[in-house]
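Chain by chain, the residues:
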Amino acid sequence: MVGPAPRKTLLMDIRFDPEKSRHPDQQSGLKVPYAKARRGGGRWRWIGLMALVLVPVVAFSWYALRDRLLLSAPAVLTHEPLVITSPRDARVVDVPQRAGQRVKQGSTLFVLEDGELEADRTALKEILATLPAKGAQQESESLVDTARQRVDNAEASLRFQSGLADKFDDFRRQGEVPLTDLASIHVARASAQDQLSGARENLLLQLRENTRSELAGPVVQRRQDLTRQLARIEASIAAMSLMAAQDGLLAKSYVQPGQQVSAGEPLGVLVPANAPELHAYFSPKYVGKVAVGRVAEAHFADGRSVLARIVAPPELTQKLPSQLAGPFDANQAMLEVRLRPLEAIDVQHDVEGLPLEIRLRSPSALWGDWGDEGEADTAAAERSSPEAKAEA
């Protein structure tokens, strides 16, 4: 029995290689100059149109919501420096400390001299030297001595008359002296008693006059007046040596020895060596959001930030620091808020008058709740403080 013959399968690889693929710019042997294909121009134009629409929307949304999401204000770092001024017109004699040098409390910063004060002090000392040591008191003391001598004489006379009267009383009892002689003796004793009383009264008057001369005599008053004037001049001269009221840094020195200065003219700036404070300036509309105890972030220009707490109620001011004031910020009412850093500020950032930015954030800012997170902010700040980290 003969079956069907087996089939054979043939595999072929057919490649189409038309003339168009090899020469796309030819058609039936003729060259056709086609235009160049567009690459990505349409896509970029579409992206530009979308950006032109979305960027204003995003910018307006940020401008409308930034005060609700992020409350910020310009601020300056300050130690509340002391401006040292001249107490009167004078000449600078010495400047013992240099600008940028740290000084201790009581250190002499500037030594001034006023020739008029020096001349007045010399003249007063010369006048006081010419005044008598006691003046009219010498005459009063001589009168007192005379009054005492009279009292002594009166007492001696009274003793003599009293002894004579006692003897005559004995003679009278014996009948040897007539009554008229006894009466004259007693009259003499009474006269001696009167003389003693007058002498004692005169002594008291002289002592009183002497005391008055010592306290309010013309020479004494003159001496006292001159002494008071000399004391005032001495105090003024002592005040010409200006000393540091506390430890700190002499940040600036505006004068040099030999220079003439006027009363009230600044001589230098002393920055106290205390912890710095941050003075922020908020818009008055945020008066309810800058409560005492609230914690904020202080951002420096180089990106470093520290935590700070509001330590005093806000105060209204119309004078911005020169570092923050712009050309159109004159007489603009602002809320001055004082903050104290909760973290240590290094030496590089502890610069008097350094501008920075204060930011207040709140998780519920969109709903206007800025007051209830004060305790949470305080707790967070305490946890991040150096003391808390050291204990951990």
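Residues numbered from 1 in each chain as written. Predicted model: local features only at pLDDT ≥ 70, side-chain atom pairs only at ≥ 80, totals over all residues. Heavy atoms only, no water.

Novice: Can you help me understand the overall build of the protein in this one?
Specialist: The helix and strand tally for the protein stands at eight helices and 17 strands. Each of the 392 residues in the protein was classed as buried or not, and the buried ones make up 29%. At a minimum sequence separation of 6, the contacts of the protein that also span at least 24 residues come to 75%. For the protein, the exposed area adds up to about 26,500 Å²; of that, 56% sits on carbon and sulfur atoms. (Helix = DSSP H or I, 4+ residues; strand = E, 2+ residues; numbered from the N terminus. Buried < 20%, exposed > 50% of the residue type's maximum accessible area, 1.4 Å probe, protein only. Contact = heavy atoms within 4.5 Å. Areas by Shrake-Rupley, 256 points an atom, 1.4 Å probe, with all protein chains shown as cover.)

Novice: Honestly, the pairing of strand β12 (residues 277–282) in this entry has me stumped. Any pointers?
Specialist: With six of six residues buried, β12 is to be regarded as a mostly interior element. Residues Glu277, His279 and Tyr281 line one face of β12 and the alternating positions Leu278, Ala280 and Phe282 line the opposite face, and both faces are buried. As defined by bridge partners, strand β3 (residues 71–78) adjoins β12 across four bridges and the pair is classed as antiparallel. Along β12, the bridge assignment pairs leucine 77 with leucine 278. Judged from the five bridges that link them, β12 and strand β16 (residues 334–341) form a sheet pairing that is antiparallel. Looking across to β16, one finds that leucine 278 is bridged to leucine 339. (Pairing = 2+ DSSP bridges.)

Novice: It is not clear to me how the confidence of the model for the protein should be interpreted in this structure. Could you clarify?
Specialist: Fine structural detail should not be taken from predicted coordinates in areas where pLDDT scores are low. Looking at the protein as a whole, the pLDDT averages 78, with 74% of positions reaching at least 70. Scored below 50 in pLDDT, residues 363–376 makes 23 contacts in the model with residues more than four places away or belonging to other chains. (pLDDT = per-residue confidence, 0-100.)

Novice: Whenever I open this one, the sheet that holds strand β6 (residues 101–103) confuses me. Can you help?
Specialist: Paired through backbone hydrogen bonds, the strands of a sheet run either parallel or antiparallel to each other. Pairing is antiparallel across the open sheet formed by four strands, whose spatial order is β4-β11-β9-β6. Each edge of the open sheet is held by one strand with a lone partner, namely β4 (82–85) and β6. Each strand of the sheet is rotated relative to its neighbour by a mean of 35°, with strand direction disregarded. Relative to strand β9 (residues 248–253), β6 runs antiparallel, the two sharing three bridges. Bridge pairing links valine 103 to glycine 248 in β9. (Axes fitted to C-alpha atoms, helices over the stretch in contact; angles between N-to-C directions.)

Novice: What should I look at first to understand unusual backbone geometry in this one?
Specialist: As a rule of thumb, non-glycine residues mostly have phi less than zero, and peptide bonds are mostly trans rather than cis. In this model, glutamate 80 sits at a positive phi of 55°, which is unusual for a non-glycine residue. Tracing the sequence through the fold places glutamate 80 in the loop between β3 and β4. According to the relative accessible area criterion, glutamate 80 is partly exposed, its value standing at 43%.

Novice: Help me out: how do you make sense of the pattern of salt bridges in this one?
Specialist: Opposite charge on two side chains permits pairing when their charged atoms draw close. Counted by the stated rule, this structure contains eleven salt bridges. The network of salt bridges with shared partners includes Glu118, Arg121, Lys125 and Glu234. (Salt bridge = Lys/Arg side-chain N within 4 Å of Asp/Glu carboxyl O.)

Novice: For this particular structure, what's the right way to read the side chain of serine 86?
Specialist: Relative to the helices and strands, serine 86 resides in the loop between β4 and β5 (90–94). A polar contact is formed between the side chain of serine 86 and the backbone oxygen of arginine 88, at a distance of 2.6 Å. Setting aside its immediate chain neighbours within four residues, serine 86 contacts Leu112, Val261, Ser262, Ala263, Gly264, Glu265 and Leu267. (Polar contact = N/O pair within 3.5 Å; in protein donor to acceptor, adjacent residues only side chain to side chain.)

Novice: Looking at this model, I keep getting lost on the nonpolar core. Mind explaining?
Specialist: Considering soluble globular proteins, one finds that nonpolar side chains tend to be buried as a cluster. In this structure, Leu278, Phe282, Leu339, Leu356 and Ile358 are the most contacted members of the largest nonpolar core, which totals 22 residues. Residue assignment for this core shows that the elements contributing at least two residues are β3, β12, β13 (295–299), β14 (305–310), β16 and β17 (355–360). Among the elements that make up this core, the one with the highest residue count is β3 (four residues). Among residues more than four places away in sequence, those in contact with leucine 278 are Val76, Leu77, Ala298, Ala308, Val337, Arg338, Leu339, Pro341, Leu356 and Ile358. Counting residues in hydrophobic clusters, the runner-up holds 15 residues, among them Val92, Val95, Phe110 and Val255. (Core = buried A, V, L, I, M, F, W, Y, C linked by side-chain atoms within 4.5 Å.)

Novice: Explain the sheet that holds strand β8 (residues 241–243) to me, please; I cannot follow it from the model alone.
Specialist: Read across the open sheet, the four strands follow the order β8-β7-β5-β10; overall the sheet is antiparallel. The sheet is open, and its two borders are formed by β8 and β10 (260–261), each paired with just one other strand. Pairing of β5 with strand β7 (residues 108–113) involves three bridges; the strand directions are antiparallel. Within β7, the position partnered with aspartate 94 by the bridge is valine 111.

Novice: How do you make sense of helix α3 (residues 115–130) when you look at a structure like this?
Specialist: Count 3.6 residues to each turn of an α-helix, and residues three or four apart come out pointing the same way. Look at α3: 23 Å from first C-alpha to last across 16 residues, which is about the 22 Å you get at 1.5 Å a residue. Buried within α3 we find Leu117, Arg121, Leu124 and Leu128. Down the axis, α3 shows its buried residues gathered within 70° of arc, on one side only. Facing away from the buried side of α3 by over 90 degrees, the exposed positions are Gly115, Glu116, Glu126, Ala129 and Thr130. Of the residues that open α3, the one with a side-chain oxygen 3.2 Å from the backbone nitrogen of glutamate 116 is aspartate 114. (Expected span 1.5 Å × (residues − 1). Arc of directions from axis to C-beta.)

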